[in-house]
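# Reading the structure
In case you want the letters, here they are:
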Amino acid sequence: MTALWSFDEQPRTGDPLRSGAAPAAIRDALLTEDRDVFDAAYQRALAAARDTLDLTELFRCLEHWRRVALLQRDPNRFASIARRAAESLTGEPVLDGEPLAQIRRRAGL
């Protein structure tokens, strides 16, 4: 992966989670329980960028979390995706009322 940087003085319009999304927009779209994990990953990537003067890992981190945020910005849809993944991967049905955190663990999410 090659990291490229650019700056456009035009204001961003459209979907706040499109490619190149701001870290704040990514964080805002995440489920509450994932925000601390994002914060820690983002801080590690910022520190690495500062130490190496290479933005590749920072961009990789943000892109990973942007994709997670795209899935999570609709919590009901994300829960449905997690449920289907858990059932598919384990071959076991997800019980009604099973906590999302447990479903996510079963699905590896």
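Parameters at a glance
- Residues numbered from 1 in each chain as written.
- Predicted model: local features only at pLDDT ≥ 70, side-chain atom pairs only at ≥ 80, totals over all residues.
- Heavy atoms only, no water.
- Axes fitted to C-alpha atoms, helices over the stretch in contact; angles between N-to-C directions.
- Helix = DSSP H or I, 4+ residues; strand = E, 2+ residues; numbered from the N terminus.
- Parallel < 35°, antiparallel > 145°, perpendicular 65-115°, else oblique.
- Left-handed = near helix turned anticlockwise from the far one by under 90°.
- Contact = heavy atoms within 4.5 Å.
- Nonpolar A, V, L, I, M, F, W, Y, C, P; charged D, E, K, R; others polar.
- Buried < 20%, exposed > 50% of the residue type's maximum accessible area, 1.4 Å probe, protein only.
- Polar contact = N/O pair within 3.5 Å; in protein donor to acceptor, adjacent residues only side chain to side chain.

## Considerations on the packing of helix H4 (residues 75–90) against helix H5 (residues 100–107)
Close contact between H4 and H5 brings their axes to 8 Å; oriented N to C, the two are set at 45 degrees. The orientation of H4 relative to H5 falls into the category oblique. Handedness of the H4/H5 crossing: left-handed. Residues Phe78, Ala79, Ala82, Arg83, Ala85, Ala86, Leu89 and Thr90 of H4 touch H5, and the partners they reach there are Leu100, Ile103, Arg104, Arg106 and Ala107. Residues that form the contact of H4 with H5 fall into these classes: nine nonpolar, one polar and three charged.

## Notes on the environment of Arg66
Residue position: Arg66 is located in helix H3 (residues 56–72). Overall, the relative accessible area of 12% leaves Arg66 in the buried class. For the pair Arg66 and Ser19, spaced 47 residues apart in sequence, the C-alpha to C-alpha distance is 8.0 Å. With sequence-adjacent residues up to four places away left out, Arg66 is seen in contact with Leu17, Arg18, Ser19, Gly20, Ala21 and Ile26. At 2.7 Å, the side chain of Arg66 and the side chain of Glu63 are in polar contact.

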